[in-house]
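Topology and contacts: notes
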Amino acid sequence: ISYQFEILTCISGVDYPFKLHRFKLVYELLSIRYNCRLRVKTFTNELLGIDSTDKLFLTAGWYECEIWDLFGVFFKNHTNLKRILTDYGFEGYPLRKDFPLSGFIEVRYHESQKRIVNEPIEMAQEY
């Protein structure tokens, strides 16, 4: 039987930092003809890449760029893998569990320079 899963509705990511394959990616596929959904789960880590599905599903390009930008999961053979949600020069991946809650850079308005400046975060407390 051909269920005709022609629509990729989303790709979700979960970070499990203490597992061998720390990232779980969940692909949700939709069959309009049979009105059913299929959820495909796969696991990877930051050293392994996952094959891109952007040639199979038009929406995969955007979802894979989001996963790359926020988790750092690399997609092999992606046509245009780039950061789309974070700023240029952003360091790190904000949805990883090991990303600091305060981030690495502080963005603020500098009153004397009359412009927005980026500065490294300074933590006053000692551990």
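Everything in this summary refers to the structure shown in the same document. (Residues numbered from 1 in each chain as written. Predicted model: local features only at pLDDT ≥ 70, side-chain atom pairs only at ≥ 80, totals over all residues. Heavy atoms only, no water.)

1. Some points on the overall build of the chain
- In terms of helices and strands, the chain carries 1 helix and 7 strands.
- Reading the chain from its N terminus to its C terminus gives the helix and strand order β-β-β-β-α-β-β-β.
- A compact globule built from 127 residues should have a C-alpha radius of gyration of about 14 Å, whereas the chain, at 19 Å, is more than 25% larger.
- Oriented by its inertia axes, the alpha-carbon framework of the chain measures out at about 65 × 35 × 25 Å.
- Considering only intrachain contacts with a sequence separation of at least 6, the fraction spanning at least 24 residues in the chain is 38%. (Helix = DSSP H or I, 4+ residues; strand = E, 2+ residues; numbered from the N terminus. Rg over C-alpha atoms; globule rule 2.2 N^0.38 Å. Contact = heavy atoms within 4.5 Å.)

2. Regarding the layout of surface pockets
- The computed volume of the largest pocket comes to approximately 190 Å³.
- Around the largest pocket, the lining is made up of 11 residues, and of these Asp87, Phe90, Ile105, Val107 and Asn118 lie nearest the centre.
- For the lining of the largest pocket, the residue count by class is 6 nonpolar, 3 polar and 2 charged. (1 Å grid on protein atoms, 1.4 Å probe; cavity = no way out; pocket = protein on both sides within 12 Å on 5 of 7 lines; lining within 4 Å. Points joined across faces, edges and corners; volume = space filled by probe spheres on them. Nonpolar A, V, L, I, M, F, W, Y, C, P; charged D, E, K, R; others polar.)

3. A short note on the pattern of salt bridges
- Counting across every chain of the model gives 7 salt bridges.
- Across the salt bridge formed by Glu46 and Arg22, the nearest N and O atoms sit 3.3 Å from each other. Of this pair, Glu46 sits in the loop between strand E3 (36-44) and strand E4 (50-51) while Arg22 sits in the loop between strand E1 (7-15) and strand E2 (23-31), and the two are 24 residues apart along the sequence.
- The exposure class assigned to Glu46 is partly exposed, which follows from its relative accessible area of 37%. (Salt bridge = Lys/Arg side-chain N within 4 Å of Asp/Glu carboxyl O. Buried < 20%, exposed > 50% of the residue type's maximum accessible area, 1.4 Å probe, protein only.)

4. Quick look at a nonpolar patch on the surface
- Residues Phe104, Ile105, Val107, Tyr109 and Ile116 make up a contiguous nonpolar surface patch of roughly 520 Å² in combined accessible area.
- No other element matches strand E6 (residues 105-110), which puts 3 residues into the nonpolar patch.
- With respect to the secondary-structure elements, Ile105 resides in strand E6.
- Given the relative accessible area of 44%, Ile105 is considered partly exposed. (Patch = residues over 30% accessible without salt bridge, like charges linked within 9 Å, V, L, I, M, F, W, Y side chains within 5 Å. Areas by Shrake-Rupley, 256 points an atom, 1.4 Å probe, with all protein chains shown as cover.)

5. Some points on the side chain of His110
- Inspection of the secondary structure puts His110 in strand E6.
- Its relative accessible area of 18% is what places His110 among the buried residues.
- Engagement of the side chain of His110 in a polar contact is seen with the side chain of Ser112, the distance being 3.0 Å.
- Every residue in contact with His110, bar those within four places of it in the chain, is listed here: Arg115 and Val117. (Polar contact = N/O pair within 3.5 Å; in protein donor to acceptor, adjacent residues only side chain to side chain.)

6. Some thoughts on the packing of aromatic side chains
- Following the criterion strictly, the structure yields 4 aromatic pairs and no others.
- When the centroid spacing of 6.1 Å and the interplanar angle of 75° are considered together, the rings of Phe23 and Phe71 count as edge-to-face. Of the two residues, Phe23 sits in strand E2 while Phe71 sits in helix H1 (residues 60-71), which places them 48 residues apart along the sequence. Like Phe23, the residue Phe71 is buried in the burial classification.
- Lys19 extends its terminal NZ or CZ atom over the ring of Tyr16, reaching a point 4.6 Å from the ring centre. (Phe/Tyr/Trp six-rings, centres within 6.5 Å; stacked < 30°, edge-to-face > 60°. Lys NZ or Arg CZ within 6 Å of the ring centre and 35° of its normal.)

7. Structural notes on the nonpolar core
- If you look at the biggest cluster of nonpolar residues, it comprises 15 residues, and the most contacted ones within it are Leu8, Leu25, Tyr27, Ile67, Val73 and Phe75.
- Of all the secondary-structure elements, those providing two or more residues to this core are E1, E2 and H1.
- Among the elements that make up this core, the one with the highest residue count is H1 (5 residues).
- Apart from residues no more than four positions distant in its own chain, Leu25 is found in contact with Ser12, Gly13, Val40, Lys41, Thr42, Ile50, Ile67, Val73 and Phe75. (Core = buried A, V, L, I, M, F, W, Y, C linked by side-chain atoms within 4.5 Å.)

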